Amino acid sequence: MIKLKNMLAANMRRFGTKNLSENIKSDPNFIKEVTVIRDGALDDDLMTDNIVDELGDFYDDVYNSGDSELISLYDNLRNSQDSDCMQIAKAAQNILDYLGK
């Protein structure tokens, strides 16, 4: 059983699959994407594709977390796509601050 568990973990790392019980608040891909959005917005890029598409990949994980504060911050960032770059950067930074990053 341990060997099977190790093989599963190795394959999950190999194929970039996350553990189903992984907490979205510590998911490095989520943190990286929010950081990319913040940094891009600070460089005057509206980051529309990242907000709509890339950040959208985390929708289920964020909502399934049951963390109402994270959900609110996530929604604020998703809804900022029609805002100016400074508002986008601030919304992304609010998530990073909440996550302690």
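You'll find the structure just up there.
Residues numbered from 1 in each chain as written. Predicted model: local features only at pLDDT ≥ 70, side-chain atom pairs only at ≥ 80, totals over all residues. Heavy atoms only, no water.

Participant: Can you walk me through the packing of aromatic side chains in this structure?
Facilitator: Between two aromatic rings, the relevant description is the distance of the centres plus the angle of the planes. Using the criterion set out here, one finds 4 aromatic pairs in the structure. Their ring planes at 55° and their centres at 6.4 Å tell us that Tyr59 and Tyr74 sit as a pair that is tilted. One end of the pair, Tyr59, is in helix H4 (residues 59-64); the other, Tyr74, is in helix H5 (residues 68-79), with 15 residues separating them in the sequence. Aromatic ring contacts, followed pair by pair, group Phe30, Phe58, Tyr59, Tyr63 and Tyr74 into a single cluster. (Phe/Tyr/Trp six-rings, centres within 6.5 Å; stacked < 30°, edge-to-face > 60°. Helix = DSSP H or I, 4+ residues; strand = E, 2+ residues; numbered from the N terminus.)

Participant: How do you make sense of the packing of helix H2 (residues 28-42) against helix H6 (residues 85-99) when you look at a structure like this?
Facilitator: The relative placement of two packed helices comes down to the angle between their axes together with the axis-to-axis distance. Viewed as axis vectors pointing N to C, H2 and H6 meet at an angle of 150°, and their least axial separation amounts to 8 Å. Between H2 and H6, the interaxial angle falls into the category roughly antiparallel. Crossing angle aside, the handedness with which H2 passes H6 is left-handed. Where H2 abuts H6, its residues Phe30, Ile31, Val34, Thr35, Ile37, Arg38, Ala41 and Leu42 lie against Cys85, Met86, Ile88, Ala89, Ala92, Gln93, Ile95, Leu96 and Leu99. Of the residues belonging to the contact of H2 with H6, the class tally is 14 nonpolar, 2 polar and 1 charged. (Axes fitted to C-alpha atoms, helices over the stretch in contact; angles between N-to-C directions. Parallel < 35°, antiparallel > 145°, perpendicular 65-115°, else oblique. Left-handed = near helix turned anticlockwise from the far one by under 90°. Contact = heavy atoms within 4.5 Å. Nonpolar A, V, L, I, M, F, W, Y, C, P; charged D, E, K, R; others polar.)

Note that every value here comes from positions in space, so none of it alone points to a role or purpose.
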